[in-house]
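Coordinates in review
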Amino acid sequence: MMTEKELVIDDVITDAMATPSPAKSMGDPGITPLSPTHVLKDSEENEPTRHPYVVVVAIDFGTTSSGYAYAFTKEPECIHTMRRWEGGDPGVSNQKTPTTILLSPDRKFHSFGYAARDFYHDLDPTESKQWLYLEKFKMKLHTTANLSIDTDLHAANGKKVKALDIFAYALAFFKEQALKELSDQAGADFDNADVRWVITVPAIWKMPAKQFMREASYKAGLVSRDNPDQLIIALEPEAASIYCRKLRLHQMVDLGSKTALNGYSPTENVGVGMTQGDRYVVVDCGGGTVDLTVHQIRMPEGHLKELYKASGGPYGSIGIDYEFEKLLCKIFGQDFIDQFKIKRPAAWVDLMIAFESRKRAATPDRSNPLNINLPFSFIDYYKKFRGHSVEHALRKSNVDFVKWSSQGMLRMTPDAMNALFKPTIDHIIQHLTELFEKPEVTDIKFLFLVGGFAESPLLQQAVQNMLQGRSRIIIPHDVGLTILKGAVLFGLDPSIIKVRRSPLTYGVGVLNRFIEGKHPPEKMLVKEGTCWCTDVFDTFISTDQSVALGETVKRSYTPAKPSQQVIVIHVYCSEKESVSFITDPGVRKCGTLKLDVSGTESPAARREIQTLMQFGDTEIRAMAVDVATSRSVKASIDFLSQ
């Protein structure tokens, strides 16, 4: 049986092998940027001038809430956010709807958002156990190590469902809503072919998660596999950045505006204040993740350049919900809470909604307690489960800052609430502190705080304390819609971000001529009298390397046998900047590059397939050409584990 490594050797003769040039074996990445003239021509031909699409619709698929916005390509300045939703929560602006989905007992899509929540809530408890209700499921794509098409999610009643189905149902729902709104506006049926779709994802998501969203879009019928370019994956903080750099004074709050910071008078306009070379950080604080992006603005067009690779982590506001859940477990017992969630799922959802509105009332200087309504079924079920009252449990527990109020509520001191925020905010501040210590992250003029969690006064104060006036902290007025509006702008002109940084080091395993003293002896392989070194990591791009939009990495591959139909090449990645061998610690196989060479038989003795890979976009792309015939070869790069 052949090992994977041998496959790489036997099935593919890489250009490193065909021409063991000194440069190649010196580890020259061999990255050839397109000549500047070409790049220019490219971007002129592409976007703003000739739009095949009538409208750009962006979907912000969030962990806690979702929504869409759109703009017609003829009036790009005018961004429409979706119609108001039915049934909002008290104290929560309802331009977006909760990311909740309900399937009927036979697993058919029933409803999404407030409608799903309200319907589920009104079901009889015995009946509700049969229905499948899901919320906050987007995080699964970030936390699953070996994400695949078959990854499962758990509904509130504990039953398993396919993640791909749920994401596809949700996207299909937004497609239907948006097309309905567009059709109403146009007074006729709006054709999906006229829509360019944009879906936002966190910048810290790995390639498998981005590809998963694309697969779900195909399944939802948003776009077809034959026309992948109709869908753009946008990175959330990038979208926010595009929107923020256009902000005018009346559209934002300057946290430090009481005093002039950085020599600015508070009356100055940030839009005008942004000049050539200005550097700024966007901190996108969402429900699930916190994403940090560092950009520099390049005039006159206002193009953006990424200065440091996207960073962040799972430090979104749902971390506070988990802390609340941990507190409940401490008071009432983990065994009870686990049972209650499964047996009374709708009441659990209710309790979390009650907590959500109180969570939004938390401020640094609050002195009066926060009351959280306990659903009647919680009180009732607890008595059945334990044989004593909720009140008794609170008295008995050693949690002194949570009391029982006579109106049947949990009464929390402001300190108790702030303690629930602390772990999450500490993570964010630690991350920001580390980011600001990086040499690439100096002279930051502005820090934009965006995303739903950015509205939290506790978070705002923590960021202010950390920055100590080093940068101006700006919060857009419609902070929850910033990403949505920016994603529409990105869809109208995806070439606005000219330079990105690679989040990982990518490469493949190749054979190089064996060099005594340089290569480890255990890596030597003798073939037809020649000594080769196996497992050599041929680097396509290194972590945090600058890569321009449209810049390509070129490699040539040759099928081992003339009859071969498909070349499969394993792609490896690492967090480390320099990698010598695919067997190095921290290197893992992360994808496959497939070249379909069927039907390109050529008279040439050795067929050479030239592969071009692009790393400067929000997704990694591959193209290939048969050098002898100049015919294009179908190339695909797959990051979802099979």
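Computed from a predicted model, the values in this text were never measured in an experiment.

Criteria and thresholds
- Residue indices begin from 1 for each chain and proceed along its sequence in written order.
- With pLDDT at 70 or above as the cut-off, local features in this predicted model cover only qualifying residues; side-chain atom pairs require 80 or more to be listed or tallied, and sums for whole chains, interfaces and linings still use all residues.
- In computing side-chain values, all of the structure's heavy atoms are included and hydrogens and water are not.
- Counting from the N terminus, the helices are DSSP H or I runs at least four residues long and the strands are E runs at least two residues long.
- For every residue, the accessible area obtained with a 1.4 Å probe (protein chains only) is divided by the maximum for its type, and the residue is called buried under 20%, exposed over 50%, and partly exposed between those limits.
- By the criterion applied in these results, polar contacts are pairs of N or O atoms within 3.5 Å in which, for protein atoms, one can donate a hydrogen and the other can accept it, and in which residues neighboring in sequence qualify only through two side-chain atoms.
- Definition used in this section: a nonpolar core is a set of buried Ala, Val, Leu, Ile, Met, Phe, Trp, Tyr and Cys residues joined via side-chain atoms within 4.5 Å.
- Only centres within 6.5 Å qualify two rings of Phe, Tyr or Trp (six-membered ring in Trp) as a pair; their planes then separate them into stacked at under 30 degrees, edge-to-face at over 60, and tilted for everything else.
- Here, a charge over a ring is recorded when the distance from Lys NZ or Arg CZ to the ring centre is within 6 Å and its angle to the ring normal is within 35 degrees.
- By the convention used here, strands pair only if DSSP detects at least 2 bridges between them.
- Here, axes are lines fitted to C-alpha atoms. For helices the fit covers the stretch in contact, and angles between N-to-C directions go from 0 to 180 degrees.
- Contacts are assigned to residue pairs with any non-hydrogen atoms lying within 4.5 Å of each other.

A few words on the overall build of the protein. Along its length, the protein carries 19 helices and 33 strands. Sorting the 642 residues of the protein into buried and exposed places 55% on the buried side.

Next up on the list: the side chain of Lys96. Position of Lys96 relative to the elements: it lies in the loop between β5 (80-81) and β6 (97-98). Within the local environment of Lys96, its side chain forms a polar contact with the backbone oxygen of Gly480, the two atoms lying 3.3 Å apart.

Let us now look at the nonpolar core. The nonpolar side chains of soluble globular proteins are, as a tendency, buried together. In terms of nonpolar packing, the biggest core is built from 99 residues, with Phe332, Leu447 and Phe448 touching the most fellow members. By residue number, the principal contributor to this core is helix α17 (residues 414-436), which donates ten residues. In terms of nonpolar packing, the next biggest core, distinct from the first, is built from 50 residues, Phe61, Leu153, Ala203 and Met213 among them.

So, about the side chain of Ser542. Summarising the element assignment, Ser542 is placed in the loop between β26 (530-541) and β27 (546-548). Classification of Ser542 as buried rests on a relative accessible area of 16%.

Turning our eyes to something else, we now look at the packing of aromatic side chains. By the definition in use, this model includes 30 aromatic pairs. Relative to Tyr133, the ring of Tyr120 has its centre 4.3 Å away and its plane inclined at 5°; by these criteria the two rings are stacked. Of the two residues, Tyr120 sits in helix α5 (residues 114-122) while Tyr133 sits in strand β9 (residues 132-135), which places them 13 residues apart along the sequence. The class of Tyr120 is buried, set by a relative accessible area of 0%. Taking relative accessible area as the criterion, Tyr133 reaches 1% and is therefore assigned buried. Here Phe421 and Phe453 contribute two aromatic rings whose centre-to-centre distance is 6.4 Å and whose plane-to-plane angle is 35°, an arrangement assigned as tilted. Here Phe421, found in helix α17, pairs with Phe453, found in the loop between β21 (444-450) and α18 (457-467); they are 32 residues apart in sequence, far enough to count as distant. Among the aromatic side chains, those forming a connected cluster through ring pairs are Phe332, Phe336, Phe340, Phe378, Tyr381, Tyr382 and Phe385. Lying over the aromatic face of Trp205, Lys138 brings its terminal NZ or CZ to 5.5 Å of the ring centre.

With respect to topology, three strands assemble into an open sheet ordered β18-β20-β19, the strand pairing being antiparallel. At either end of the open sheet lies a strand with only one pairing partner, and these are β18 (370-373) and β19 (402-405). Averaged over all neighbouring strand pairs, the angle between strand axes comes to 30°, with direction disregarded. Both β19 and strand β20 (residues 409-412) contribute to a ladder of four bridges, which runs antiparallel. Its bridge partner being in β20, Ser405 is matched across the sheet by Met409. Contacting β18 and β20, α17 crosses the sheet at an angle of about 85° to β20.

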